[in-house]
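Architecture and fold: a report
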Amino acid sequence: MLTPSDKVRAFLIKYQDRVLYGTDLDLIADANVDEVVKSWEEVYARDWRYFATDETFELNGKKVHGLKLPEPALREIYRANALHWIPGVGQNRGN
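Now for a description of the structure that goes with this document.

Quick notes on the rules
Residues numbered from 1 in each chain as written. Predicted model: local features only at pLDDT ≥ 70, side-chain atom pairs only at ≥ 80, totals over all residues. Heavy atoms only, no water. Helix = DSSP H or I, 4+ residues; strand = E, 2+ residues; numbered from the N terminus. Expected span 1.5 Å × (residues − 1). Bend = angle between axes of the 7 residues up to and from the residue. Buried < 20%, exposed > 50% of the residue type's maximum accessible area, 1.4 Å probe, protein only. Phe/Tyr/Trp six-rings, centres within 6.5 Å; stacked < 30°, edge-to-face > 60°. Salt bridge = Lys/Arg side-chain N within 4 Å of Asp/Glu carboxyl O.

Here helix 3 (residues 71–85) is 15 residues long and its end C-alpha atoms lie 20 Å apart, about the 21 Å a rise of 1.5 Å per residue gives. Where helix 3 bends most, at I77, the angle is about 50°. Turning to helix 3, its buried residues number three or more, namely A73, L74, I77, N81 and A82.

In structure tokens:
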């Protein structure tokens, strides 16, 4: 059974300064890069749809209702927390 969307939403809003968006997507040496990139784009779009909208859609045979997180929470989860908690993220590496 999936955790109710309202509880997940409340948790993420309450702890938005402690949550980082991430995936375990990888690229193996003999992969077809075009196919892998297309797959990654689909995963990112699905995840964004879940976090940012209130749409209902099917995932792995189950109906999932989007969380429609407020924009400040999305900014924290997708970017600001990584900049804050991971040393070197966001630093200019150019010469």
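Following the criterion strictly, the structure yields 7 aromatic pairs and no others. Ring geometry for F11 versus Y15: centroids 4.9 Å apart, planes at 50°, classification tilted. Note on F11: relative accessible area 46%, which makes it partly exposed. Y15 gets classed as partly exposed once you look at its relative accessible area, which sits at 25%.

Counted according to the given criterion, the structure contains 5 salt bridges. Two residues, R46 and D47, come together in a salt bridge whose shortest N-O distance is 2.8 Å. Since its relative accessible area comes to 14%, D47 is described here as buried. Across the salt bridge formed by E71 and R75, the nearest N and O atoms sit 2.9 Å from each other. In this pair, E71 and R75 both sit in helix 3, 4 residues apart, roughly one turn of the helix. Exposure remark for R75: the relative accessible area of 48% places this residue in the partly exposed category.

Moving on to unusual backbone geometry. Despite not being glycine, N60 has its phi angle at roughly 50°, a positive value. Tracing the backbone through its elements, the reader meets N60 in the loop between strand 1 (56–59) and strand 2 (62–65). Its identity is not glycine, yet K68 carries a phi of approximately 45°, on the positive side. Structurally, the position occupied by K68 is in the loop between strand 2 and helix 3.

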